[in-house]
Each structure stands twice: as C-alpha cells, then as structure tokens.
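# Observations on the three-dimensional arrangement
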2 protein chains.
Amino acid sequence: MTAMTFTIGEMCAEFGVTPRTLRFYEYKELLAPIREGQKRLFTQRDCARLKLILRGKRFGFTLDEIKDLLDLYEVDPTMLTQIAATMEVARRHHAEMISRRDELNAAIADLEGYMAEGKRILAARPKTEAAA
Amino acid sequence: MTAMTFTIGEMCAEFGVTPRTLRFYEYKELLAPIREGQKRLFTQRDCARLKLILRGKRFGFTLDEIKDLLDLYEVDPTMLTQIAATMEVARRHHAEMISRRDELNAAIADLEGYMAEGKRILAARPKTEAAA
DNA sequence: AAGCTACCTTACGTTTACGTCAATCAAAAA
DNA sequence: TTTTTGATTGACGTAAACGTAAGGTAGCTT
C-alpha cells in the first residue's frame, strides 16, 4: 500500500483552496492530516471530508456546523447512543435545509415573476436596441 | 390618510430585529425611513423592503447583493435601458439561486441517505432505550 | 556552498453584519 | 417637575473565515 497521501500543494490544486485554508481547517479540527516531520500529509479521508466541507459552505453552513455534520458522517457504528444524538443534529439540519429550499423556491418564483414583468415591458416598447 | 408609519420599536417587534439593525440598514441605504425631527418613521415601503432583506439574508445573499435586488424590485417603468440592465442582474441572481437550490436538493438527498442509514442501525440494535 | 522551491509557524489585517456601551435628548407618565 | 421610556448619534467591540506579510526550515539541484 502506497497509502496515497497528498501534500498541501496537491490538495490546493485539486480543490481550489489556499494552503492557509487547509491549515485553518486543521486548526479548527475539520481536517487531521498526518505529519511527516513538519509537513502535512493529507489522506483520502481528508479529501472526503474536504469535499463535504466545501459543499457545506456553499449553502451557508458555518464551519462549526459542518464539523457537526462531519462528525455525524463518521459515526462509530457501535456507539448507538452517539448515533441517536447525532441523528438529532441531522434532523435539525435536515429541517433547516428543507425550509431553506422552500424559501429559495419561493424567492425563485418571485424573481421569475419580476423578470417576466420586465420582459413584458421591454417587449412592449422596443424603443432602444437591447442586445441579449 | 393616516399614512401608516411605524416607529423603530414597532418595526423591531414586528420583524424580530434590533434597532441597531434597522439603523444599519438605513446607513447602508437599504431602508429610507422618513424623519420627524430626530425620529425615524418607517413606511409601508420600508416594511416591504425589510421583508425582502430578511428573506435575502436567509439564503446567503450579502446586504450589497440584496440592495441590488431591491433596486431591481423598484424599477422605474419608463427607464427602459435601466430595466434591461437590472434584468441582467436578475438573471445572474436567478441562475445563482437555481444552482443553489439544486445543490441544496442534492445535499438534502445526501443527508436523508445518512439518516436512513442511522435509522437502520438503530433499528437493528435496539439495545438502549432512546427517547425521541 | 548557493539558490530555489515548497513547506512551516506566528501574528496581525480584513470584511460583513451587526452588538454594545456611552452620552444625550425629548415626550409621556407619575 | 421629576422620572421613566424610547429614541438619537457616535464609536469601539466581535465572530467568522480566511488573507497576508514576515521570517524560518528542509530538501534538492547546480
């Protein structure tokens, strides 16, 4: 087994983040690269976690919340009470995401309404040439 | 016409925000309450805008972005080139919202998968009593 | 040995969106 | 009239998520 690890530079290139970001995530205990002397070696596990981190960020979860989710995603299958607890966290996040999506859908519909209105106005009076 | 205006306190109670927030929004030119002497009087228009502001915030738009949107929602129907320009902004926001929603949907599906897994585990080994 | 490259730590800077005093003022209540 | 209530304007503080020097090290290559 080559164990397949990545340097910080490789990780940055792969995921489009800066070294600073990865060190920050380590400091925040979202990642836990192993050390070879001073240098960090990022494992497959770190890669998987980073993917989740970046995705989580895209819909507005804080890093702390993401940490909770990551912990959830790595439940030790024997610790049932742990699972039950993390399921609670999951439910909250799930509910929040659902309601966010619903609001987002409403807002999208809203915006589409306004855009339709705008189009109508522009179509009605094609005074100036407007390139698409 | 009573003109129906609200004091800052009434607004806060109504929308669950602090005075500081409303003053900040005014400073940022998101709201424009009229002044009676020193005091701010918030109009229906301010209420409508505040609703949009709060909604915008919930899905991660910055106040600056929200300002753009608010401006869009108040297009002067005679300025056609203005409309065309704001339509551009609208399209960008629309696209962003769509992609956000799609990602959110994916994440929701993901999380539901993990939750189902958790449930399965808990169901398989009902060792400890877990109150819902 | 010199230089380059990629990495490291420490630590202060930055932006967003307000929170939190502090001092002041005016109208309403006691 | 004094007190309370609610408002005002500064102005500094804060948390999140990094950015950005500044200076140090370790390993190659020439």
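Above: the structure in question.
The structure reproduced in this document is the subject of the present report. Given the structure is predicted, the values throughout are model-derived calculations rather than measurements.

### Focus: the protein's contact with DNA strand C
Near DNA strand C lie 16 residues; those nearest to it are Arg23 and Arg40 of chain A together with Thr18, Tyr25 and Leu63 of chain B. Close to the protein, within 4 Å, the atoms of DNA strand C belong to sugar or phosphate groups at a rate of 71%. Side-chain polar atom of Arg20 of chain B to a base nitrogen of DNA strand C: 3.1 Å apart, as the coordinates give it. With respect to DNA strand C, the side chain of Thr21 of chain B contributes an N or O atom lying 3.4 Å from a phosphate oxygen.

### Topic: the environment of Leu22 of chain B
Residue and element names in this part refer to chain B. With respect to the helices and strands, the residue Leu22 is situated in helix α2 (residues 19-27). Residue classification places Leu22 among the buried positions, given a relative accessible area of 0%. Here the alpha-carbon distance between Leu22 and Phe42, two residues 20 residues apart in the chain, equals 9.8 Å. Non-local contacts of Leu22, meaning those with residues more than four positions away in its chain, are made with Ile8, Met11, Cys12, Val17, Leu31, Phe42 and Leu50.

### A look at the relation of the copies chain B and chain A
A rotation about an axis combined with a shift along that same axis relates the two copies of the chain. Of the transformation placing chain B onto chain A, the axial shift is 0.1 Å and the rotation is 179°, giving an RMSD of 0.4 Å. In short, the pair behaves as if placed about a two-fold rotation axis. The share of interface residues of chain B whose copies in chain A are also at the interface is 97%, consistent with both copies meeting through the same surface.

### Details of the interface of chain B and chain A
Counting from both sides, the interface comprises 39 residues of chain B and, opposite them, 38 residues of chain A. Approximately 3900 Å² of surface area, both sides summed, lies buried where chain B meets chain A, with 74% of it carried by carbon and sulfur atoms. For chain B, the biggest contributors to the area lost against chain A are Leu80, Leu104 and Leu111 of chain B; these three give 16% of the whole. Our count for the chain B to chain A interface comes out at two salt bridges.

### So, the protein's contact with DNA strand D
DNA strand D sits among 17 residues. The nearest are Thr18 and Tyr25 of chain A together with Gly9, Arg23 and Arg40 of chain B. Here the atoms of DNA strand D within 4 Å of the protein split so that 70% fall in sugar or phosphate, with bases taking the remainder. Within the side chain of Arg35 of chain B, a nitrogen or oxygen atom sits 3.0 Å from a phosphate oxygen of DNA strand D. Elements supplying a minimum of two residues to the surface near DNA strand D: α2 (19-27) and α4 (63-73) of chain A together with α1 (8-15) and β2 (39-41) of chain B. With four residues, α2 of chain A is the largest single contributor of residues to the surface near DNA strand D.

### As for the environment of Leu31 of chain A
Mapped onto the elements of the fold, Leu31 of chain A is located in the loop between α2 and β1 (34-36). Discounting residues that sit within four places of it in the chain, Leu31 of chain A has contacts with Leu22, Tyr25, Glu26, Phe42, Asp46, Arg49, Leu50 and Ile53 of chain A.

### Some words on the side chain of Glu26 of chain B
Residues and elements named next belong to chain B. On the secondary structure map, Glu26 appears in helix α2. Overall, Glu26 belongs to the buried group, its relative accessible area being 18%. Here the side chain of Glu26 touches Arg35 through a polar contact of 3.4 Å, side chain to side chain. Apart from residues no more than four positions distant in its own chain, Glu26 is found in contact with Leu31, Pro33, Arg35 and Arg40.

### Considerations on the packing of aromatic side chains
Here the structure, examined in full by the defined rule, presents four aromatic pairs over all chains. The interplanar angle of 35° and the centroid separation of 6.5 Å between the aromatic rings of Phe24 of chain B and Tyr27 of chain B together place this pair among those described as tilted. Here Phe24 of chain B and its partner Tyr27 of chain B are both found in helix α2, three residues apart, which amounts to about one turn of the helix. In this structure an aromatic cluster arises from ring pairing among Phe24, Tyr25 and Tyr27 of chain A. Between Arg100 of chain B and the ring centre of Phe61 of chain B, over which it is positioned, the NZ or CZ distance is 5.0 Å.

### A look at unusual backbone geometry
One non-glycine residue, Glu29 of chain A, lies in positive phi territory at about 65°. Structurally, Glu29 of chain A is set in the loop between α2 and β1.

### Quick word on helix α3 (residues 44-58) of chain A
Residue and element names in this part refer to chain A. Here α3 spans 22 Å end to end across 15 residues, near enough to the 21 Å set by a 1.5 Å rise per residue. All buried positions along α3 are accounted for by Asp46, Cys47, Arg49, Leu50, Ile53, Leu54 and Gly56. If you follow the buried residues of α3, they end up packed against α1 (8-15), α2, β2 (39-41) and α4. Phi turns positive, to about 85°, at Gly60, one or two residues after α3.

What counts and what doesn't
- Residues numbered from 1 in each chain as written.
- Chains lettered and ligands numbered in written order.
- Predicted model: local features only at pLDDT ≥ 70, side-chain atom pairs only at ≥ 80, totals over all residues.
- Heavy atoms only, no water.
- Near = heavy atom within 4 Å.
- Polar contact = N/O pair within 3.5 Å; in protein donor to acceptor, adjacent residues only side chain to side chain.
- Helix = DSSP H or I, 4+ residues; strand = E, 2+ residues; numbered from the N terminus.
- Buried < 20%, exposed > 50% of the residue type's maximum accessible area, 1.4 Å probe, protein only.
- Contact = heavy atoms within 4.5 Å.
- Least-squares fit on C-alpha atoms with pLDDT ≥ 70 in both.
- Buried area = accessible area lost by both parts, 1.4 Å probe.
- Salt bridge = Lys/Arg side-chain N within 4 Å of Asp/Glu carboxyl O.
- Phe/Tyr/Trp six-rings, centres within 6.5 Å; stacked < 30°, edge-to-face > 60°.
- Lys NZ or Arg CZ within 6 Å of the ring centre and 35° of its normal.
- Expected span 1.5 Å × (residues − 1).

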